[in-house]
Amino acid sequence: MKFTKPAWVMHKDSSKTDHDTKRLSIFSVHVHPDGSRIATGGLDAKIRIWSTKPILNHASEMSNRPPKSLCTLSMHTGPVLTIRWAHSGRWLASGSDDEIVMIWDLDPSGRGKVFGSNEVNVEGWKPMKRLPGHESDVTDLAWAPEDRYLASVGLDSVVLVWCGYTLERLRKLDQHQGFVKGVCWDPVGEFMATQSDDKSVKIWRTTDWQLEAEIRKPFEDSPGSTFFRRLSWSPDGAHITASNATNNKGFVFIAAVITRGTWTSEISLVGHENTVEVAAYNPHIFLRNPASPIATSNICSVVALGADDRSISIWQTKSARPLIVAREVFERQIMDLSWSWDGLTLYAASSDGTIAVFHFDPEELEGIAPHSAQEQYLHKFGFVPPPTPEGFSHGTHSTNAASASRITPPPSPDRAQSQSQSGFGASNGINGAEHINKLVAKKSNKKRVQPVLMSSVPSASTSRSALVSTSALPPSAGLGSRAFQVPEIPRSRQASHSASPVPSPRTYDADIEMGGPMDMDVPIDALDTSMSSANKGKRKASVLDTPEDRPSKPRTLGGDRPRETVAVREITSTSLVSTRPHLFEGANLLPVPPLLTFLSANVEGSDFVFEARNSEGDGATEVTFADGKQTLWLDYLPSPVLALTASTTFCAAASQDGSVNVYSHTGRRLMATLSFGSPCAMIHGCKLALMILTASGQLTSINVKNVASFFPPTSVAPLLSSSPNCTILSATVRHNGAPMIHCSSGIAYTYDAQLFSWTKLSERWWAEGSDVWQGRQRANKDKDVVASIEGAIGSTNISAPHKERPTWWNTALTLGHLESKLHAAKALDSALEYKQALLIYARKLADEGFRAKAEELIKELFGPIFWRPGGRDDSWTPVVAGMAKRDLLREVLSVFVRSKTLTKLALDWQDTLKKASSDDQL
């Protein structure tokens, strides 16, 4: 499983500057049926649509292709509390506390800069219809199977059911006696379920919209303070998992599993420490035994729960324990969960303004079955849905021309033009040759109007054979990434209907309209008809991609040469191993790497590779930079290469003669060739920092951007002399230039540029008694650098026999370890780990009641009462590891105030901090 929290997915406070960006709460998240994008709704009254590829693919995130932010929708006048894509992927429904439900449709002409903002919409979505009817906040929405209905619920205690075709209101259900905060549909289409603050779940029949059942028992003692009560129906139709339930008279927070038919809750999902806010089933059914046939006894489901304890749990109904529990994923409660249609990615949104993403490998979700298995299984219920409204049909089910000539008319201001709407999509122009204007980019960058036959553009009601036929499009409609595509309804979805006439394929000069070059690289599967079946999966050619218009590939040094593979062998020829073997003899503290015929270093998060080839004969030494199978550039060096490194901003090659060459990713030398007089033993790069450790023991850390050293070159000899037979296992560098040296003695060091001294980052000694030592854990080397150091140290740990320890042994080592961890996180500029260690340290002081230590910590974080930047007392800085000390103090005081011995101290300092904050604002 891969976990990520994309920091760039956010709803900003527009009143703040870019330098003082404040995250606003995200109330809802939903993933598009084709998985290409997600929509989020937030406190800023906006809906934002994001591309998922940069979230799931680091290389895409670094290159910003496709663009991260696709669109911002801002027609609501209050916070957007819920957003839901239609199953067809054509419409987006949103609900807000402005009491309005809004239906959005893709607008190919809506791209461009957002008025009054620096933001750019890569794609446009227009408000197609407003659905008024609620008298208070709209808290949840849900589309019925095949988009037959749309249900909306709100704080007016009302459930409204809308027609999924005409978007007209069908029913108003007002039997709830409290705020309604959740709604979901039976996948069979027979029932709808709603959950309310009146402490009930109600089941409604879709045949007559009467009450089928009411479930109250699990909710009798549930708190009414949650934002939502979002419930979910299992894909096999057998269960509903409802949020905000309790056991043991309200003391145990659970999610209640309600069984279909009996409508009772005998199963509870127990484990969360606070109210469960949302439940979301994986859209796939799972087979207990994949080798056995599909039967009720062989089917189970996977459900995710999000709670106010800031944790997420994922359960499989065949097991009594959760598959995964992710604790403290957010800083505040979880508001919404959404699974991707392939069932492998879970998106979660929180009121702290962030989203989290869990991406699973298929092997991790054992027994996942295709959607066809679900459709086959649901047939056993024998439910026949009501007929569709006369004159309306689902596009994928229309087989004759007569039915194909009618689709859902758009509820837009020009609705009176019935001829263009009802006749749209008629085959062979039966309803007449209506023309519309189409803008086509010409070579001179002038826009010319070219008429296009309306009937030649396929509609959603056209049969599938017409959808994939290239003859349905005019010859000029071979659209590329910079031109809008009329998307296709995928076979895997029961695509419902067309909301409006599918816009004609319209191309335009994106550079002019968008204020710069931009690629529309995120087509919507549900709307893509521009490809024939023969071309499916291939890149679409742009209108401009004619031989005379297509730009030639820019030349680079060696860019015309394909990437070659070289067998890796050690070079033992004395003429190449060292031209002057006596030069460094007796001076080497560290071993020199063996000379190899081929070396490579990958650029993290991308497909770029930096490579070196050493000739076994008299040939030249060559370095190349490649992308996939193609060489981007090359260079030749006078001495064989011993070691390589590549970061996201540069790459460096260390040669046998003690020189180091540093290149940009385009092959330009960023600085003069460095000469260290000794061959390189270890080299490493991180962002803008480059570290070289020579065989003679000299360590140099360089800021490549500034072409300056972080500190004067220093020797690692003191580290090796600290214990007999000590060797250096690894040497790496942080982005701030701090080296990290891991020694075989079980100690990790860094060099403090202010102290001009080596300092310990961590050591195996703490494992002897620290309660917070986590030696063998796996950690992210970039985000949890101190934890990864301890993991490396712990992996070489040899268990010692149990010894008798003094009384205060564990307490002393735990506090010492945490203090050491704080210094290490500060030295390595690891903000998250510094904050985590600080709060654990504060909790330990509170548990032990060490008032003097606690007061000293408070004063260190608070600083001088009348401190001002540039004042007399410059010994105190207001920031540590990139975080404001007084902001950290607030969290520390909130820990102290809950303790038995430090409450009075914490309350006094909270008052002082509050006064200091108010003085700062004056």
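Undergrad: So what exactly am I meant to see when it comes to the side chain of His817 here?
TA: Position of His817 among the secondary structure elements: in helix 11 (residues 809–827). A residue is classified by how much of its surface remains accessible, and His817, at 1% relative accessible area, is buried. One polar contact links His817 to Ser770, side chain to side chain, over a distance of 2.8 Å. Of note is the side chain of His817, whose polar atom sits 2.7 Å from the side chain of Glu790. Excluding its chain neighbours within four sequence positions, the residues that come into contact with His817 are Trp766, Ser770, Val772, Trp773 and Glu790.

Undergrad: Any chance you could explain the sheet that holds strand 7 (residues 69–73) here in plain terms?
TA: Whenever strands of a sheet pair, they do so through backbone hydrogen bonds, lying parallel or antiparallel. Taken together, four strands build an open sheet; the order of strands is 4-5-6-7 and the sheet is antiparallel. At either margin of the open sheet sits one strand with a lone partner, and together these are strand 4 (26–31) and strand 7. Going from strand to strand, the sheet's axes swing by 20 degrees on average, the running direction of each strand aside.

Undergrad: Sorry if this is basic, but what is going on with the sheet that holds strand 26 (residues 276–281) here?
TA: Strands sit in the order 26-29-30-31 across an open sheet of four strands; the sheet is antiparallel. Both outer strands of the open sheet, strand 26 and strand 31 (324–326), are each paired with one neighbouring strand and no more. Neighbour-to-neighbour, the strand axes of the sheet open up by a mean angle of 15 degrees, direction not taken into account. Across three bridges, the pairing between strand 30 (residues 312–316) and strand 31 is antiparallel. Bridging from a neighbouring strand, Ser313 pairs with Val325 of strand 31.

Undergrad: Would you mind showing me how to read the packing of aromatic side chains here?
TA: Ring pairs (aromatic) are described by centroid distance and by the angle formed between their planes. Under the criterion given, the structure shown has 23 aromatic pairs. Their ring planes at 35 degrees and their centres at 5.7 Å tell us that Phe27 and Phe227 sit as a pair that is tilted. Taken together, the residues Phe27 in strand 4 and Phe227 in the loop between strand 21 (211–215) and strand 22 (232–233) connect sequence positions 200 residues apart. When its relative accessible area of 5% is taken as the criterion, Phe27 is described as buried. On the basis of relative accessible area, Phe227 is assigned to the partly exposed category, the value being 40%. Connected via pairs of aromatic rings, a cluster forms that spans Phe608, Phe610, Phe625, Trp633 and Tyr663. Across from the ring centre of Trp8, 5.7 Å away, lies the NZ or CZ of Lys68, which sits over that ring.

Undergrad: Would you take a moment to explain the nonpolar core for this structure?
TA: Soluble globular proteins tend to pack their nonpolar side chains together in the buried interior. Of all hydrophobic cores here, the largest spans 47 residues; its most connected members are Tyr834 and Phe896. At eight residues, helix 12 (residues 831–848) tops the list of elements feeding residues into this core. Other than its neighbours up to four places away in sequence, Phe896 contacts Ala842, Leu845, Ala846, Ala854, Leu857, Ile858, Leu902, Thr903 and Ala906.

Undergrad: Would you mind showing me how to read unusual backbone geometry here?
TA: A negative phi holds for most residues other than glycine; trans holds for most peptide bonds. Cis geometry marks the peptide bond from Arg65 to Pro66, where omega comes out at 0 degrees. For Lys199, which is not glycine, the phi torsion reads 65 degrees and is therefore positive. Looking at the secondary structure, you find Lys199 in the loop between strand 19 (191–196) and strand 20 (200–205). By relative accessible area, Lys199 is classed as partly exposed at 29%. Positioned with a positive phi, Asn244 is a non-glycine residue whose angle comes to about 55 degrees. One can find Asn244 in strand 23 (residues 239–247).

Undergrad: I tried to follow the environment of Pro591 on my own but got confused; where do I start?
TA: Summarising the element assignment, Pro591 is placed in the loop between helix 8 (574–577) and strand 37 (598–602). C-alpha separation for the pair Pro591 and Cys680, spaced 89 residues apart in sequence, amounts to 9.3 Å.

Undergrad: Would you explain the pattern of salt bridges in this entry?
TA: Between side chains of opposite charge, pairing is possible as soon as their charged atoms come close. Scanning the model with the defined rule gives 29 salt bridges in all. Among the salt bridges present, the one from Glu214 reaches Arg216, with a minimum N-O distance of 3.2 Å. With a relative accessible area of 36%, Glu214 lands in the partly exposed category. Look at Arg216 and you get partly exposed, because its relative accessible area is 35%.

Undergrad: Help me out: how do you make sense of the packing of helix 13 (residues 851–862) against helix 14 (residues 885–896) in this one?
TA: In helix packing, the relevant descriptors are the interaxial angle and the interaxial distance, both defined with respect to the helix axes. Where helix 13 meets helix 14, the axes come as close as 8 Å, and the angle between the chain directions of the two elements is 155 degrees. Judged on the interaxial angle alone, helix 14 and helix 13 are roughly antiparallel. Handedness of the helix 13/helix 14 crossing: left-handed. Here Ala854, Leu857, Ile858, Glu860, Leu861 and Phe862 of helix 13 come into contact with helix 14, specifically with Lys885, Arg886, Leu889, Val892, Leu893 and Phe896. Here the residues of the contact of helix 13 with helix 14 sort into nine nonpolar, no polar and three charged.

Undergrad: Explain the pairing of strand 42 (residues 651–655) to me, please; I cannot follow it from the model alone.
TA: Across a regular strand the side chains alternate sides, sitting on one face of the sheet and then on the other. Across the five residues that make up strand 42, a large majority, five, are buried. On strand 42, burial covers both faces: Cys651, Ala653 and Ser655 on one face and Ala652 and Ala654 on the other are all buried. As paired strands, strand 41 (residues 641–646) and strand 42 are joined by five bridges and run antiparallel to one another. In the sheet register, Thr645 faces strand 42, and the bridge partner there is Ala652. The turn linking strand 41 back onto strand 42 is made up of four residues. In terms of strand pairing, strand 42 meets strand 43 (residues 659–663) through four bridges, oriented antiparallel. Bridging across to strand 43, Ala653 finds its partner in Asn661. In textbook terms, the turn of a hairpin is the stretch between consecutive antiparallel strands, and for strand 42 and strand 43 this stretch comprises three residues, one of which, Gly658, has a positive phi near 90 degrees.

Undergrad: Any chance you could explain the side chain of Ser340 here in plain terms?
TA: Structurally, the position occupied by Ser340 is in the loop between strand 32 (334–339) and strand 33 (345–350). Only 2.5 Å separates the side chain of Ser340 from the side chain of Asp342, close enough to count as a polar contact. Contact partners of Ser340, with chain neighbours within four places excluded, come to Val31, Pro283 and Thr345.

Rules and cut-offs
Residues numbered from 1 in each chain as written. Predicted model: local features only at pLDDT ≥ 70, side-chain atom pairs only at ≥ 80, totals over all residues. Heavy atoms only, no water. Helix = DSSP H or I, 4+ residues; strand = E, 2+ residues; numbered from the N terminus. Buried < 20%, exposed > 50% of the residue type's maximum accessible area, 1.4 Å probe, protein only. Polar contact = N/O pair within 3.5 Å; in protein donor to acceptor, adjacent residues only side chain to side chain. Contact = heavy atoms within 4.5 Å. Pairing = 2+ DSSP bridges. Axes fitted to C-alpha atoms, helices over the stretch in contact; angles between N-to-C directions. Phe/Tyr/Trp six-rings, centres within 6.5 Å; stacked < 30°, edge-to-face > 60°. Lys NZ or Arg CZ within 6 Å of the ring centre and 35° of its normal. Core = buried A, V, L, I, M, F, W, Y, C linked by side-chain atoms within 4.5 Å. Salt bridge = Lys/Arg side-chain N within 4 Å of Asp/Glu carboxyl O. Parallel < 35°, antiparallel > 145°, perpendicular 65-115°, else oblique. Left-handed = near helix turned anticlockwise from the far one by under 90°. Nonpolar A, V, L, I, M, F, W, Y, C, P; charged D, E, K, R; others polar.

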